[in-house]
Amino acid sequence: KSLKALTKLLMKTVLPSLGLPLSYPRNVLHAPDDMMGYQLPFIDIDAGFFQIKLLLRHVYGDKLTGLLGHDTMETLQLELGVGQDIFSLPFYNWKVLATPCWMVQVWEFCYVYGFDIKIPGIKIPLLRENDEFLTNAFVDAGYKGEELRLINLCRKWLQVIRLSEIVTGDGRHIRSQARSGKEAIGKNGYNWPVEMKPSQRCWKLWNSAIDKCFVDQLDRTKILRTRLGGWEVVPSEWEWYRDAESNRL
């Protein structure tokens, strides 16, 4: 937005100096001179290319700028609640969940102009059979805009990413702690940003979304439509384990 405003301001100075009206066709202004154009640069596009080059130059290194890029990507993954890098997601469906920053600007530019770049982030695996990433399920169910943002506040407060983190051990029901939101319940080992506790409106939306996405609406006990199966990845942050042979904790 700031670059577009800057371009508009520059045009008010450049066009009169060229003896052209402010309404002069922009496609002629930016066309190359061999097509009878003025070959004026696209400031926002040139800036976008520069940002991509800067990001790719540093993000694979171990210097401070590269480490900052890694940290920003990982924070955005937690903020959005996704297991893949954010550049693979449709920007306008997900931007409401992201804190404005340089990485988000690059993401928008790549999405608008169709560039596909790969930036390393956290490898976040699904933990159980039939497991899902919560935010992906909410987006697929049609939640967007302000509703999606409020639902995501509850997820971040609970510090969870996957369905398996809010489901009981038998894989059949949503844990009561995940519905009440009294405290964070995630045991995933990630460093989460500090969040204010969401309002009652947020928790109402959260519970409604959980029921819509995962719960059998015809069952009085609110059993999951698809039971979670065995553990494929055992979280290292668990405090207790049960040995099936000896039946000991």
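Please read these numbers as outputs of a predicted model, since none were measured by experiment.

About the cut-offs
Residues numbered from 1 in each chain as written. Predicted model: local features only at pLDDT ≥ 70, side-chain atom pairs only at ≥ 80, totals over all residues. Heavy atoms only, no water. Helix = DSSP H or I, 4+ residues; strand = E, 2+ residues; numbered from the N terminus. Rg over C-alpha atoms; globule rule 2.2 N^0.38 Å. Buried < 20%, exposed > 50% of the residue type's maximum accessible area, 1.4 Å probe, protein only. Contact = heavy atoms within 4.5 Å. Areas by Shrake-Rupley, 256 points an atom, 1.4 Å probe, with all protein chains shown as cover. Core = buried A, V, L, I, M, F, W, Y, C linked by side-chain atoms within 4.5 Å. Lys, Arg positive; Asp, Glu negative; His and termini not counted. Salt bridge = Lys/Arg side-chain N within 4 Å of Asp/Glu carboxyl O. Polar contact = N/O pair within 3.5 Å; in protein donor to acceptor, adjacent residues only side chain to side chain. Patch = residues over 30% accessible without salt bridge, like charges linked within 9 Å, V, L, I, M, F, W, Y side chains within 5 Å. Axes fitted to C-alpha atoms, helices over the stretch in contact; angles between N-to-C directions. Parallel < 35°, antiparallel > 145°, perpendicular 65-115°, else oblique. Nonpolar A, V, L, I, M, F, W, Y, C, P; charged D, E, K, R; others polar.

Student: Any chance you could explain the overall build of the chain here in plain terms?
Tutor: Counting secondary structure elements, the chain contains 10 helices and 0 strands. Going residue by residue from the N terminus, the α and β elements of the chain occur as α-α-α-α-α-α-α-α-α-α. Radius of gyration (C-alpha) of the chain: 24 Å, far over the 18 Å computed for a compact globule of 249 residues. Judged by the C-alpha coordinates and their principal axes, the chain covers about 85 × 40 × 30 Å. In the chain, which comprises 249 residues, the proportion classed as buried is 38%. A sequence separation of at least 24 residues applies to 64% of the contacts in the chain between residues at least 6 apart. As displayed, the chain offers around 15,200 Å² of accessible surface, 55% of which is attributable to carbon and sulfur atoms.

Student: Sorry if this is basic, but what is going on with the nonpolar core here?
Tutor: Note that soluble globular proteins tend to have their nonpolar side chains buried in a common cluster. Within the largest apolar cluster, 51 residues are counted, with the highest numbers of intra-cluster contacts made by Phe87, Trp107, Phe138, Ile166 and Trp206. Every element with two or more residues in this core is listed here: helix H3 (43-58), helix H4 (64-80), helix H5 (91-94), helix H6 (102-113), helix H7 (134-140), helix H8 (145-158) and helix H10 (200-214). The leading source of residues in this core is H10, at 8 residues. Beyond its immediate sequence surroundings of up to four residues, tryptophan 206 is in contact with Leu134, Phe138, Ile151, Cys154, Arg155, Leu158, Ile166 and Ala178.

Student: How should the side chain of arginine 128 be read in this particular structure?
Tutor: Residue placement: arginine 128 occurs in the loop between H6 and H7. Of the side chains with opposite charge, aspartate 170 lies nearest to the buried arginine 128, which makes no salt bridge, at 6.6 Å. Here glycine 229 takes part through its backbone oxygen, which lies 2.8 Å from a polar atom of the side chain of arginine 128. Excluding its chain neighbours within four sequence positions, the residues that come into contact with arginine 128 are Ser164, Thr168, Gly169, Asp170, Gly171, Leu228, Gly229, Gly230, Trp231 and Glu232.

Student: Looking at this model, I keep getting lost on the pattern of salt bridges. Mind explaining?
Tutor: Side-chain pairing between opposite charges can occur once the charged atoms of the two side chains come close. By the definition in use, this model includes 5 salt bridges. The salt bridge partner of arginine 162 is glutamate 165, with a shortest N-O separation of 3.0 Å. For the pair arginine 162 and glutamate 165, a shared accessibility class is recorded, and that class is buried. Notably, a salt bridge pairs aspartate 211 with arginine 179, separated by 2.6 Å at the nearest N-O pair. With aspartate 211 in helix H10 and arginine 179 in helix H9 (residues 176-180), the pair connects residues that are 32 residues apart, well separated along the chain. Aspartate 211 sits in the buried class, given a relative accessible area of 12%. Here the residues in one salt-bridge network are Arg179, Asp211 and Lys222, joined through shared partners.

Student: Sorry, what's going on with a nonpolar patch on the surface here?
Tutor: Nonpolar side chains collect at one region of the surface, where Phe49, Tyr92, Tyr111, Val112, Tyr113 and Phe115 lie side by side and expose about 560 Å² of accessible area between them. Considering each element in turn, the nonpolar patch owes the most residues, 3 residues, to H6. Tracing the sequence through the fold places phenylalanine 115 in the loop between H6 and H7. You can call phenylalanine 115 partly exposed: its relative accessible area is 33%.

Student: Mind showing me how you'd approach the packing of H4 against H8 here?
Tutor: Any two packed helices are characterised by the angle at which their axes cross and by the distance between the axes. One can describe the packing of H4 onto H8 by two numbers: an axis separation of 9 Å at closest approach and a directional angle of 115°. One finds that H4 runs roughly perpendicular with respect to H8. In contact with Leu78, Glu79 and Leu80 of H4, H8 contributes Asn152, Arg155 and Lys156. Broken down by class, the residue content of the contact of H4 with H8 amounts to 2 nonpolar, 1 polar and 3 charged.

Student: Is there a simple way to think about unusual backbone geometry in this case?
Tutor: Trans is the prevailing form of peptide bonds, just as negative phi is the prevailing case for residues other than glycine. Even without being a glycine, asparagine 130 presents a positive backbone phi close to 70°. By the secondary structure assignment, asparagine 130 is in the loop between H6 and H7. On the basis of relative accessibility, which here comes to 43%, the residue asparagine 130 falls in the partly exposed class. At lysine 222, a position not held by glycine, the phi torsion is positive, near 55°. Within the fold, lysine 222 resides in the segment after H10. For lysine 222, a relative accessible area of 39% translates into the label partly exposed.

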